[in-house]
Amino acid sequence: MNLHEYQSKFRFAEFGIPILKGKTASTPQEAYEAARELGCPVVVKAQVLVGGRGKAGGVKVARTPEQAEDHANAILGMKIKGLTVRKVLIDPAANIAQEIYLGITNDRAAGRPVIMASSEGGIEIEQVARENPDAIAREHIDPFLGLLDYQARNLASGINLPHEHWRVFSRIAANLYRCYLASDAVLAEINPLVITGENQLIALDGKMIIDDNALFRQPQLAEMRDTDAEPKEETLARAAGISYVKLNGQIGCMVNGAGLAMTTMDMTKLYGGDEIGPANFLDIGGGAQASKVAAALRIILDDANVKSVLFNIFGGITRCDEVARGILEALNEVPSSLPMVIRLVGTNSEEGRAIIDNANIPNLSSAATLTEAAKKAVEAARKALAADKGAQ
Ligand code: GDP
Ligand code: MN
């Protein structure tokens with residue numbers, strides 16, 4: 001689960017990391033009030049669960065409360081990487097002398113957390129890693145020992161931090177690690193950590209990702225989930241108990257089992273080449289009921305990129321007749337004329353196929369093997385794409 005900037009920074013502050021304590025606003029009027037209370041200049045910052053807000057015009061400095069109101073008016077409702085801004089953070093403006101990056105994440109290969117610092121703050125760390133990898137200093141953290149003082153000093157020296165800031169920097173690094181651990185985070189990032197004109201270190205931007213599997217023991221963090229701010233289909237999928245990841249292809253895949261779902265994606269890619277591929281990863285899980293299939297189909301059909309749908313169901317605990325009924329039920333609720341290829345094998349597959357065939361729906365076709373199903377779904381998507389191009 002992603003936290004908003006303001007949630008991350010307020011959490012950082014609880015662990016002793018210096019921030020500029022701002023206020024959130026959901027209307028231009030609230031932004032005006034906040035700016036007046038805080039005192040100008042302020043920065044009006046879009047609160048969306050993606051990075052790169054600055055570049056997208058979602059971070060603006062205001063010299064007066066009226067200007068803060070204007071900026072909020074422009075930023076609220078703005079779309080950044082497909083997500084609508086519903087809240088802004090009004091922060092006292094900082095006088096920036098230098099921007100630094102400081103972040104902690106899990107290094108799966110090393111099997112332990114890694115803390116990273118870079119003198120190239122304010123830029124996404126992935127970009128720095130690509131273009132200027134030497135600018136990143138790293139220390140792996142032994143979970144039994146914690147972050148040791150010399151490691152924090154190694155980071156400070158690795159990014160050529162002026163010596164006068166080393167003590168405060170080390171304290172911030174230690175507190176960030178405490179916050180990371182106590183929050184069951186998989187990422188805790190300050191970008192930028194700034195040195196101000198007054199020679200102070202302040203976390204200007206914050207990002208935290210909390211391990212979903214730990215939310216049961218993090219009720220305070222779980223409560224921070226902002227379902228208004230996350231992609232709608234993710235909220236729907238979670239509520240229905242479906243694993244879903246949106247991708248950029250055209251074939252909506254509905255599969256039971258994560259391994260089978262990945263194989264299905266691979267097969268569409270194999271026959272789809274550069275042009276056609278999976279629109280999503282979707283696992284409805286074992287023992288899927290008709291209602292769950294309907295929920296999954298609704299999520300798939302909501303994606304405007306989807307040109308064909310591929311069902312690949314292996315009936316073990318899941319019964320194919322249940323799935324077949326689910327497909328028909330879903331099509332009743334969300335009628336769609338998209339071509340759909342259905343492959344059902346395993347428990348009650350015959351009954352399942354009979355249900356589909358007897359329904360006599362012209363855009364549904366069945367396939368005996370995954371190869372056949374993938375080829376059919378790719379062909380259908382290719383045709384639809386060609387027709388779209390022809391229509392333009
Ligand atoms: P992001 O683009 O989503 O990472 O948003 P950030 O909060 O990191 O802001 C982007 C950039 O805006 C920062 O790297 C700064 O250069 C600038 N910025 C943010 N807050 C302030 C501020 O208070 N004063 C000044 N001068 N610049 C700021
Ligand atoms: Mn940032």
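Nothing here was measured: the structure is a model prediction, and the numbers come from that model.

**Q** Tell me about the coordination of the manganese ion (ligand 2), and name the residues and values.
**A** Here the manganese ion (ligand 2) is held by the protein donor atoms Asn191 (O) and Asp205 (OD), which lie 2.2 to 2.3 Å from it. In this pair, Asn191 sits in strand E10 (residues 185-196) while Asp205 sits in the loop between strand E11 (201-203) and strand E12 (206-210), placing the two residues 14 residues apart along the sequence. Each member of the pair, Asn191 together with Asp205, is buried.

**Q** Tell me about the sheet that holds strand E6 (residues 88-92), and please be specific about residues and values.
**A** The strand order across the open sheet formed by 4 strands is E1-E6-E2-E3, and the pairing between neighbours is antiparallel. Each having just a single partner strand, strand E1 (23-25) and strand E3 (59-62) make up the two edges of the open sheet. Each neighbouring strand pair of the sheet contributes to a mean axis angle of 25°, computed without reference to strand direction. Pairing of E1 with E6 involves 3 bridges; the strand directions are antiparallel. Within the sheet, the bridge partner assigned to Thr24 lies in E6 and is Leu89. Relative to E6, helix H1 (residues 5-14) is tilted by about 45°, and along the sheet it contacts E1, strand E2 (42-46) and E6.

**Q** Outline the environment of Ala185, listing residues and values.
**A** The topology assignment puts Ala185 in strand E10. Using a relative accessible area of 6% as the deciding quantity, one classes Ala185 as buried. Separated by 46 residues in sequence, Ala185 and Glu139 have C-alpha atoms that sit 18 Å apart. In this view, Ala185 contacts Tyr180, Met208, Ile209, Ile210 and Asp211; residues no more than four positions away in its chain are not counted.

**Q** Describe unusual backbone geometry, with residues and values.
**A** Cys40 connects to Pro41 through a cis peptide bond whose omega is 0°. Position of Pro41 relative to the elements: it lies in the loop between helix H2 (28-38) and E2. Cis geometry marks the peptide bond from Asn191 to Pro192, where omega comes out at 10°. Relative to the assigned elements, Pro192 resides in strand E10. With a phi close to 45°, Lys81 is a non-glycine residue in the positive phi region.

**Q** Outline the packing of helix H10 (residues 290-302) against helix H11 (residues 320-333), listing residues and values.
**A** Helix packing for two helices is described by the angle between their axes and how far apart those axes are. Contact geometry for H10 and H11: axes closest at 7 Å, N-to-C directions at 50°. It follows that H10 is oblique to H11 by the angle criterion. The interaxial crossing formed by H10 with H11 has right-handed handedness. Taking contact as the criterion, the partners of Ala290, Ser291, Val293, Ala294, Leu297 and Arg298 in H10 are, on H11, Glu322, Val323, Arg325, Gly326, Ile327, Glu329, Ala330, Leu331 and Glu333. Split by residue class, the contact of H10 with H11 holds 8 nonpolar, 2 polar and 5 charged.

**Q** Just give me the short version of the domain arrangement of the chain, but keep the residues and values in it.
**A** Taken domain by domain, the chain consists of domain 1 (21-92), domain 2 (96-222) and domain 3 (230-385). Put simply, the middle of domain 1 and the middle of domain 2, counted by C-alpha atoms, are 25 Å apart. Domain 1 puts 7 residues into the contact, and the matching count from domain 2 is 4 residues. Between domain 1 and domain 2, the buried area comes to about 270 Å², and carbon and sulfur atoms account for 14% of it. For the domain 1 face of the interface with domain 2, the top three residues by lost area are Lys45, Arg53 and Lys55, together amounting to 60%. Joining domain 1 to domain 2, the criterion identifies 2 residue pairs in polar contact (both at pLDDT 80 or more). Of the residues assigned to the side of domain 1 that touches domain 2, the class counts are no nonpolar, 2 polar and 5 charged.

**Q** Go over the packing of helix H9 (residues 258-272) against helix H13 (residues 370-391), please, and point to the residues and values.
**A** For the pair H9 and H13, interaxial distance at closest approach is 9 Å and the crossing angle is 55°. Taken together, the axes of H9 and H13 are oblique relative to one another. Handedness of the crossing formed by H9 with H13: right-handed. Residue-level inspection shows Thr263, Thr264, Met267, Thr268, Tyr271 and Gly272 of H9 in contact with H13, the latter providing Leu370, Thr371, Ala374, Lys375, Val378 and Arg382. Looking at the contact of H9 with H13 residue by residue, the classes come out as 5 nonpolar, 5 polar and 2 charged.

Conventions used here
- Residues numbered from 1 in each chain as written.
- Chains lettered and ligands numbered in written order.
- Predicted model: local features only at pLDDT ≥ 70, side-chain atom pairs only at ≥ 80, totals over all residues.
- Heavy atoms only, no water.
- Donors = N, O, S within 2.8 Å, 3.2 Å for Na, K, Ca; no water.
- Helix = DSSP H or I, 4+ residues; strand = E, 2+ residues; numbered from the N terminus.
- Buried < 20%, exposed > 50% of the residue type's maximum accessible area, 1.4 Å probe, protein only.
- Pairing = 2+ DSSP bridges.
- Axes fitted to C-alpha atoms, helices over the stretch in contact; angles between N-to-C directions.
- Contact = heavy atoms within 4.5 Å.
- Parallel < 35°, antiparallel > 145°, perpendicular 65-115°, else oblique.
- Left-handed = near helix turned anticlockwise from the far one by under 90°.
- Nonpolar A, V, L, I, M, F, W, Y, C, P; charged D, E, K, R; others polar.
- Domains from an automatic or database assignment.
- Buried area = accessible area lost by both parts, 1.4 Å probe.
- Polar contact = N/O pair within 3.5 Å; in protein donor to acceptor, adjacent residues only side chain to side chain.

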